Structure formats: structure tokens, C-alpha cells
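# Per-entry structural report
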Amino acid sequence: MSLTATPRSNRLHIVLLGKRNSGKSSLLNALTHQQAALVSDVAGTTTDPVYQAMEVHGLGPCVFIDTAGFDDEGELGALRVEKTLKVMQKADVALLVCRDEEVKDELHWLQLLKEKQIPTLLVLNKADLLPRAETVADAISKKAGMRPLIASARTGEGVETIREALIRMASETVQPAIVSHLVSEGDLVLLVMPQDIQAPKGRLILPQVQTLRELLDRKCMVMSCTTDKLQASLQALVRPPKLIITDSQVFPIVYQQKPAESSLTSFSVLFAGYKGDINAFVEGAAAIHSLTPQSRVLIAEACTHAPLTEDIGTVKIPRLLRKRIGEELQIDFVSGNDFPKDLFRYDLIIHCGACMFNRKYVLNRIAHAHAQHIPITNYGVAIASLTGILDKIVIHR
């Protein structure tokens, strides 16, 4: 991915839901002006969710997610519906597509969307095949409590109306800033970025790139260095930096060397607020002090890279935990989209910075943990707590 591209995790996620053969894929193609999804008259053509990253005029960078029909049948059908339910966890906006006035299943899914607080557009598709589309829309409106937009993906009728409605919804979806709330124009910011074995060759990791870009947009003056050049970098500056942002793994080293006038935080802590709920993560970190050698911890990593020698999730954090709690501490690991339904066996969940997930997905994981009364924190906040400096770094939003 080039540094100028918008990563999929930062795009508006729009999920299309509906019965088999309701025209979800055709509608996706009509909205994007591309053959983004396979279209067929055979019901059940779409099986696994199809992700299509797009740049739509007026809507900006977004990801459309086409899903299997939620009326799919049989053992495989049940698995497909389960995948559709998981996709909803990532949805910022939903298009719920109907094909006629029989909307019993659609009403059930509309209720699920409301419970998950996902803004939803109801769409009556295939209007060209309905002799009285307005009458059908009236009937659906009475049952659903909201009027569907009438459209035909085949003829293009109503497609522009749907796009305009999506643009309005997108404008109401507010994405928090990463770091702008901590700095002002003209502030000097120092980025401490160790290029260790985990750093991609020839590139910076995504949180560093995004943070740097936001600081430049904020008209801050930015200097960067590796950990071993921190002291020399501070000496080269005519004044102490307003803020120092570091990799969480070197928190203690940077804290010991930072000027008293400089505030300190980490990329992971910043992303705890940008991609999730910083207050929930700070509260969750308190559970670290209640762990015993008989406790069980789940470490969740968004990336699916092969574990490295000094991997932060599989090596460094477990080492810190066991040094504090004891070698008997049980630690489980999940990566990518894997996340247990049943969390009751865990005493704490420690999540990565989630740079590869969108915020809605992370918030759903937090809500899932809280529903089962399991504390959850993230890498940066956990490391700050384990190294005794959580109360000395910038964490407020």
C-alpha cells in the first residue's frame, strides 16, 4: 500500500444486507459504476462477504461489503448467515435491501441494526419488476416504521437518491482525531520510532504514518528519531518539544530522558482513543493489578503476521505480565478476525492498537467484553500500567 492511499481500516464501511436474489450485488455495481460483485439470477450467488474498497464522488474513500442472503438455508447457509452477522460488527452504515412487501426477515435484521446503532437505509430494489412499487413501499413503511427508497439497479432508477442519502449519513459519522486534540499550530513534536525487527523494511508502520500526517495537517513542527538517538535529538532542539510520541515498547527509556516540560504518550495509546474507547482501556488496565498466577489473559492482535522473535503481543507483553504476576499465568492468543464469543474464562483482554480494524469493529469488541463483564485494555495502556507510568502520560481525550 502506498503512503498516499487511504487504508481500508480508515474508510467508511457500508454493508449491504438482504435476502438471496434481492439484488444486493447489482445495487453495489450500480452505486460504484463498476462490476465489483458477481451478479446472477441464481439465488445465493454471493457466499462469503465481498469487500470492495472504492473512492466514490461525494462519499470519499469507503468500503462496500456485499453479503450472502440472510435467508440462506442448510448447514452451509447457516455458516454464511453467521459470517454476515460478523460483518455487521464492522458496519458504519447499512443498506437493507427488500424485493417485495414480505419483510418479516428484514424487520428482524432492521431491529438488529438498531440495537447495534448502525444508521440504516431501507431500499426497495427491482422496482422495474414491480407493477406498483409505490404501493409496495407504502406497505413496507407501515411495517418497518421507515419508508424505503425505491430503486432499480438494472435501470438505474433511484440509485443517485441512495448515493445522496449515503453521503448525508457519512457526513454525520464523526471519526475522532488521532493527536490534534493534544497539539496546536506551531507546536514542536518529537516522534520516537524504533526501527526494530517488527518494522517493515523500507516503510513506517501505519500508526506512525497517520500520526505524522495529522501533525503536518495541524501545522506542527515534527522531528523524528530512533530510541538510541533520543538524547542527541533533544540536544539539537532549541526548546523542549511540546509532546513526545513514542513506541510503547520503549516507554520507560523515553520517560527517563524526556524534559520535564514535555508531555509523553505513545502511538498505541493515541490509537486506543482513535480506534476505540480510551477510557474503557484505562479502566480495563486496572485489572492488571488484580491478576493472580491462576488468572487467564487473552491477547488479541488485529494483524495476522507470523510471530517474530521479539513480537510485542506474543513475547514482550507476556514477559512483562509474567514478571509481575508469575510464570503460571495463562495467556491465550487470537489474531485477525478471530475473537471468542465466550469470554467468561478470561480475567482480562489486552487488544492491539487495531490499526488494521475500523473503529466500529473495535467498539463492538469492547461492547462484547463489557457485556460479559470482562475488562479490556490495549497494548500501549497495558505497557504504561505495567511499567508504572500510566499516570504520567497523556491519555485524556
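The preceding data block contains the structure.
Note that the structure is a prediction, hence the values are computed from the model and not measured.

### Concerning the environment of valine 297
For valine 297, the position within the fold is in strand 11 (residues 296-301). Given a relative accessible area of 0%, valine 297 falls into the buried group. Counting along the chain gives 79 residues from valine 297 to isoleucine 376, while the straight-line C-alpha distance between them is 9.9 Å. Dropping the residues within four chain positions of it, valine 297 is found in contact with Leu291, Leu321, Leu329, Gln330, Ile331, Asp332, Tyr346, Leu348 and Ile350.

### So, the pairing of strand 5 (residues 120-124)
With 5 of 5 residues buried, strand 5 is to be regarded as a mostly interior element. Burial along strand 5 is two-sided: Thr120, Leu122 and Leu124 and Leu121 and Val123, pointing in opposite directions, are all buried. Here strand 4 (residues 93-98) runs beside strand 5; their pairing, made up of 5 bridges, is parallel. If you follow leucine 96 over to strand 5, its bridge partner there is leucine 122. In this view, the connection linking strand 4 to its parallel neighbour strand 5 by way of helix 3 (residues 104-115) has right-handed handedness. Both strand 5 and strand 6 (residues 149-150) contribute to a ladder of 2 bridges, which runs parallel.

### A closer look at the side chain of aspartate 332
Its place among the elements puts aspartate 332 in strand 12 (residues 330-335). A distance of 2.8 Å separates a polar atom in the side chain of aspartate 332 from a polar atom in the side chain of arginine 296. Within the structure, aspartate 332 has its side chain in polar contact with the side chain of tyrosine 346 (distance 2.8 Å). With near-sequence residues (within four places) excluded, aspartate 332 lies in contact with Arg296, Val297, Leu298, Ile299 and Tyr346.

### Quick notes on the nonpolar core
Membership of the largest hydrophobic core comes to 55 residues, with the highest contact counts inside it found for Val297, Leu321 and Ile350. Sort the elements by how many residues they give to this core and helix 13 (residues 379-386) lands first, with 6 residues. The residues contacting leucine 321, other than those within four sequence positions of it, are Leu291, Val297, Gly326, Leu329, Ile331, Ile350 and Leu386. Within the second largest apolar cluster, 28 residues are counted, among which are Leu17, Val103, Trp109 and Ala144.

### Focus: the pattern of salt bridges
Counting across every chain of the model gives 15 salt bridges. Of the charged contacts in the structure, one is a salt bridge between arginine 154 and aspartate 128, with a shortest N-O distance of 2.8 Å. Residue arginine 154 is found in the loop between strand 6 and helix 5 (159-171), and its partner aspartate 128 is found in the loop between strand 5 and helix 4 (133-144); the two are separated by 26 residues along the sequence. The class for aspartate 128 is partly exposed, based on a relative accessible area of 28%. In this structure, the salt-bridge partner of arginine 147 is aspartate 138, at a minimum N-O distance of 2.4 Å. Assessed through its relative accessible area of 36%, aspartate 138 is described here as partly exposed. Three or more residues are tied together by salt bridges with common partners; here these are Arg20, Asp71, Asp72, Glu73 and Arg80.

Cut-offs applied
- Residues numbered from 1 in each chain as written.
- Predicted model: local features only at pLDDT ≥ 70, side-chain atom pairs only at ≥ 80, totals over all residues.
- Heavy atoms only, no water.
- Helix = DSSP H or I, 4+ residues; strand = E, 2+ residues; numbered from the N terminus.
- Buried < 20%, exposed > 50% of the residue type's maximum accessible area, 1.4 Å probe, protein only.
- Contact = heavy atoms within 4.5 Å.
- Pairing = 2+ DSSP bridges.
- Right-handed = clockwise from strand over helix to strand, strands pointing away.
- Polar contact = N/O pair within 3.5 Å; in protein donor to acceptor, adjacent residues only side chain to side chain.
- Core = buried A, V, L, I, M, F, W, Y, C linked by side-chain atoms within 4.5 Å.
- Salt bridge = Lys/Arg side-chain N within 4 Å of Asp/Glu carboxyl O.

Shape is all these values report; function is a separate question.
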